[in-house]
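Here is how the chains run, residue by residue.
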Amino acid sequence: MVAIACTNPQSTTPEKGVSFALNEYRRQHIDSIRYAIELDIPESKAEKIIGKESVSFYLNAVDSALVLDFNVDKSHLLEVRAGGKKVDHQFVNEHIVIEPKHLVKGKNEFEIDFVAGDLSLNRSVDYLYTLFVPDRASTCFPLFDQPNLKASYQLTLKTPQGWEAVSNGKLNAKTVAAGKSVYQFGETKPVSSYLFAFAAGKFFRAAKVLDGREMTMYYRETDTAKVNRNRDEVFELHAKSLAWLENYTDIDYPFGKFDFVLLPSFQYGGMEHPGSIFYNEPALFLDENASVNRKMARASVIAHESAHMWFGDLVTMNWFNDVWLKEVFANFMAAKIVHPGFPEINHDLRFLLAHYPNAYDVDRTAGTNPILQQLTNLKNAGTLYGTIIYMKAPIVMRQLERKIGEKTMQESLQEYLKTYSFGNARWDDLIGIIDRRAPEDITAWSNVWVKTPGMPEYGVEGNKLVQLKDSVSGRIWEQPLVLKAIREGDKSLLFPNNDGTGYGYFKMDTVAKAWFFENYGGANAIFADPVFRGAMLVNSWEGLLRGDGPGPEKLVNHILNALPKEQNPLLVDYLLGNLQSAWWIFLNASQRAAYQTQLENLLWQLLNTTKDKGIQTSYFRAFKALALTDDGWQKTHGIWTGKLEVKGLILSEEDKISLAYELALKGKGDGKAILTEQLNATKNPDRKARMQFVIPALSADVVERDAFFESLKKEENREKEAWVLDALAYLHHPLRAKAALKYLRPSLDLLQEIQLTGDIFFPTRWLHNTFAGHASAEAAAIAQTFLTEHPDYPYFLKNKILQATDPLDRSVKLSRKYAQNEHPAKLSQK
């Protein structure tokens, strides 16, 4: 890392990373920071990037050494100067330490020559981009790498001619010198170090002026028809988001220019660099057959990143333990922005299905965590990111708004943004503002929902819902609850949480659950409400995972009976997701074999008869993933070659690639020839390179797969994380899970290194794609043995393992429970 800071006088050797103590000392003694950075980018990825930097700042005390964070090998630091004279320094634990004799009270300025570190530069053959969140700016150049030391940045990039370049600041000048393009960007407003960014390379450009604001889009996609089909909508979604946010916050867009960059294998959906947002390109350039759900997901990610300009960029968390705060408000605002543009969507249903099941997937595990977590060193900040922040926190925020009212929420947020503008704040600062405006005890509510982990459980007693025994003594999860009662003949049926707003496990009795599935899509008026259907499906899935029935075979039966009756695209997607999880993880091979033909016939029928293009795409993806018979393989092969036409189905290049992958995986034809043919037919160079990387993981030769896995142990072979995750999913596919058991322990052994070298979501995704295809007792034992042998394993990473292996553990338990109770049989038809 490179950062500039002062240590406590008693501590002359700073620890690796940025400790909370170092963070606090620097925050108290350093301000008015400015960086002027120059980077010379060579044409070859193998060559070093040489950098020069001037950093100025004010000190209010000189009783301690100055500490700059620079998370690279010592050889990357070439020289440190002050006033043109060389300055003695030490390089200790990834920090540059400068003695007090070289410091003055007031303004200080140092010049540093260095070789930029590559860890967060994401270098490809003809482009690169930075990704510095949460503490990775210091892997590239020296700086104060902590969020509460905001600074202004002035960047100069020297690039090969023919390359484009973009950064946070406005482009002041582009010239040519010594055969290179020179981009000089203006000084930025004060921003946190993780928000500084630049991209350079062979990009296409498109610009548009909307509402008086010029926006420029940089992209790599070579399919001009796809670009033309999506371009205007992408610009318009940004313009609508910014206008809405300016109105809601009563603050104009704070950062001047507004550009965005679309990257083909970007690690996240988006990253909120002010003035230069980065996106995952396929999420914005949609296929022709895109479902309404995918269109809304695109609008949501654009609104989310736009909201960050205020929530996260203008006002930033003081320390990364409050990172959830910027994410929850970005999600919260995105929902408000997007909903009016999709009147055909039931937004209560979408909120339910988008947030609750994903939050439960973590909150039910032994590795769950509170929304607000503890953090002692920024080097662990990446481990705080996860499902609880992105999925549970918006549920909690919606509860808060309903508790205090929309008007009080908006006024509180406006005060919060204006009070801490271009500064930093904590969750408790916002709670203090709300508490002054609202009569309720918001602090007590927050202490349970935000500061403790887990989820409540509820049962029906009499005609009311009651909270069951909690894991924390005396903890009460304050929230409104509903219970729907209906009469059916001589039976009284009770449906807990029928409006889908309550958070927790709502246990249904067996009679109500059976009636729900037997009558799904029937004449009873209660089924007209899609939120009711969704809420009961969520309850039932949660019941399966907790062993409350129905068992896996019966639930698969219920889903297959429900699908032909369901026309809501959100519920179709949810049912198909649960079907695939139950199919691969909770049914054994003999159970799948008994149902395989019937399953494929149903999916094929629905694929060919549904009129909704989005739902048709969903059925296509499910059929592609689940087809395994000779007939199913031949149909898949026919779609891939174009010899078999499905009316209305339009295939993109990505679809063709995924079809080739599935055909090779299923092993019924010449997989190598299929993959080679598809590789040669792939026109986009980025997709071609990704495919070349993934192909060895699909090999029918276990020796070749073993060699590929061994290659992942080298850091340089994990640079393209999205490619690695694709490959892992195929290495550990349920059809190859037995052969992949030997990869599990080495994958766990690599986890700490992956946390240090990968981006923030990579450890979680590495674990998920490693374990998601496994359902055996042997796989569960490998994970358990690893944790037993490492009793002092880092807390955050241990939790990630427990989260990733929870479905595996539940699969083993369910297989034992239902082994005697269920047996292969034909699925009932209704």
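Predicted, not measured: the structure shown is a model, and the values here were computed from it. (Residues numbered from 1 in each chain as written. Predicted model: local features only at pLDDT ≥ 70, side-chain atom pairs only at ≥ 80, totals over all residues. Heavy atoms only, no water.)

Enquirer: Hey, could you run me through the overall build of the protein in this one?
Expert: The helix and strand inventory of the protein stands at 27 helices and 27 strands. A globule of 830 residues ought to have a C-alpha radius of gyration of about 28 Å, and the protein, at 27 Å, matches this closely. With respect to the three principal axes, the spread of C-alpha positions in the protein is 90 × 65 × 60 Å. Out of the 830 residues in the protein, the part that is buried amounts to 62%. For the protein, the share of sequence-separated contacts (at least 6 apart) that also reach a separation of at least 24 residues comes to 72%. Put simply, the protein shows about 32200 Å² of open surface, and 49% of that area lies on carbon and sulfur atoms. Charged side chains of the protein number 96 positive and 101 negative; the gap between the two group centres comes to 2 Å. (Helix = DSSP H or I, 4+ residues; strand = E, 2+ residues; numbered from the N terminus. Rg over C-alpha atoms; globule rule 2.2 N^0.38 Å. Buried < 20%, exposed > 50% of the residue type's maximum accessible area, 1.4 Å probe, protein only. Contact = heavy atoms within 4.5 Å. Areas by Shrake-Rupley, 256 points an atom, 1.4 Å probe, with all protein chains shown as cover. Lys, Arg positive; Asp, Glu negative; His and termini not counted. Charge placed at Lys NZ, Arg CZ, Asp CG, Glu CD.)

Enquirer: Sorry, what's going on with the nonpolar core here?
Expert: General note: in soluble globular proteins, nonpolar side chains tend to be found buried as a group. Residues Trp324 and Phe495 are the most contacted members of the largest nonpolar core, which totals 280 residues. Examining the composition of this core, we find that 12 residues originate from one element, helix H14 (residues 569-586), more than from any other. When neighbours within four sequence positions are excluded, Trp324 is seen to be in contact with Ile371, Leu372, Ile389, Ala393, Met397, Trp427 and Val450. (Core = buried A, V, L, I, M, F, W, Y, C linked by side-chain atoms within 4.5 Å.)

Enquirer: Before we go on, may I ask you to explain the pairing of strand E13 (residues 171-177) in this structure?
Expert: Residues in a regular strand point their side chains to alternate faces of the sheet. One ladder, built from six bridges, connects E13 with strand E14 (residues 180-185); its direction is antiparallel. The residue bridging Ala173 from the neighbouring strand is Gln184, located in E14. Counted between consecutive antiparallel strands, the loop separating E13 from E14 contains two residues, among which Ala178 sits at a positive phi close to 55°. (Pairing = 2+ DSSP bridges.)

Enquirer: Teacher, can you tell me more about the side chain of Ser699 here?
Expert: Its place among the elements puts Ser699 in the loop between helix H20 (685-694) and helix H21 (702-711). Once you skip the residues sitting within four places of it in the chain, Ser699 turns out to touch Glu704, Arg705 and Arg736.

Enquirer: Is there a simple way to explain helix H26 (residues 777-789) in this structure?
Expert: Each α-helix winds once per 3.6 residues, and so residues spaced three or four apart point in a common direction. Its 13 residues give H26 an end-to-end C-alpha distance of 18 Å, which sits within 8% of 18 Å, the value for a rise of 1.5 Å per residue. Of all the positions in H26, only Ala779, Ala780, Ala783, Phe786 and Leu787 are classed as buried. Seen from one end, H26 has its buried residues packed into an arc of 125°, which puts them on one side. Looking at the packing, one finds that the buried side of H26 touches helix H23 (737-749), helix H25 (762-771) and helix H27 (795-818). (Expected span 1.5 Å × (residues − 1). Arc of directions from axis to C-beta.)

Enquirer: What's the story with helix H7 (residues 387-404) in this structure? I'm lost.
Expert: With 18 residues, H7 ought to run about 26 Å at 1.5 Å a step, and its terminal C-alpha atoms sit 25 Å apart, in line with that. Along H7, the largest kink reaches about 35° and is centred on Ala393; proline Pro394 follows within four residues of it. Most of H7 is tucked away, with 14 of its 18 residues classed as buried. Phi turns positive one or two residues past the end of H7, at Gly405, with a value near 100°. (Bend = angle between axes of the 7 residues up to and from the residue.)

Enquirer: It is not clear to me how the environment of Tyr194 should be interpreted in this structure. Could you clarify?
Expert: Mapped onto the elements of the fold, Tyr194 is located in the loop between E14 and strand E15 (198-201). Given the relative accessible area of 1%, Tyr194 is considered buried. In this structure the C-alpha to C-alpha distance between Tyr194 and Glu111, which are 83 residues apart in sequence, comes to 21 Å. Dropping the residues within four chain positions of it, Tyr194 is found in contact with Phe132, Val133, Pro134, Pro147, Met271, Glu272, His273, Gly312, Thr316, Met317, Phe320 and Lys326. For Tyr194, the side chain forms a polar contact with the main-chain oxygen of Gly312, separated by 3.5 Å. (Polar contact = N/O pair within 3.5 Å; in protein donor to acceptor, adjacent residues only side chain to side chain.)

Enquirer: Mind showing me how you'd approach empty space enclosed by the protein here?
Expert: Where empty space is left can be seen by rolling a probe of water-molecule size over the atoms. Overall, the coordinates contain nine cavities of 30 Å³ or more when judged by the stated rule. Empty space within the second largest cavity amounts to approximately 90 Å³. Contributing to the lining of the second largest cavity are Asn122, Arg123, Tyr127, Tyr129, Ser265, Gln267, Glu719, Lys720, Glu721 and Ala722. (1 Å grid on protein atoms, 1.4 Å probe; cavity = no way out; pocket = protein on both sides within 12 Å on 5 of 7 lines; lining within 4 Å. Points joined across faces, edges and corners; volume = space filled by probe spheres on them.)

Enquirer: I would appreciate a short explanation of the sheet that holds E14 in the present structure.
Expert: Backbone-to-backbone hydrogen bonds join strands into a sheet, with any given pair of strands oriented parallel or antiparallel. An order of E6-E5-E9-E3-E2-E11-E14-E13 is seen for the eight strands of this open sheet, with the pairing classed as mixed. One side of each edge strand has no neighbouring strand; the edge strands of this open sheet are strand E6 (85-86) and E13. Note: strand E11 (residues 151-160) against E14, five bridges, orientation antiparallel. Counted as the bridge partner of Leu157 is Tyr183 from E14.

Enquirer: Explanation requested: the packing of H14 against helix H15 (residues 589-609) in the structure shown.
Expert: What describes two packed helices is the angle between their axes and the distance between those same axes. Interaxial distance between H14 and H15 falls to 11 Å at its minimum, and their mutual angle equals 155°. It follows that H14 is roughly antiparallel to H15 by the angle criterion. The handedness of the crossing between H14 and H15 is left-handed. Residues Leu576, Leu579, Trp583, Trp584 and Phe586 of H14 lie in contact with H15, whose contacting residues are Gln591, Arg592, Tyr595, Gln596, Leu599 and Leu603. For the contact of H14 with H15, the residue count by class is eight nonpolar, two polar and one charged. (Axes fitted to C-alpha atoms, helices over the stretch in contact; angles between N-to-C directions. Parallel < 35°, antiparallel > 145°, perpendicular 65-115°, else oblique. Left-handed = near helix turned anticlockwise from the far one by under 90°. Nonpolar A, V, L, I, M, F, W, Y, C, P; charged D, E, K, R; others polar.)

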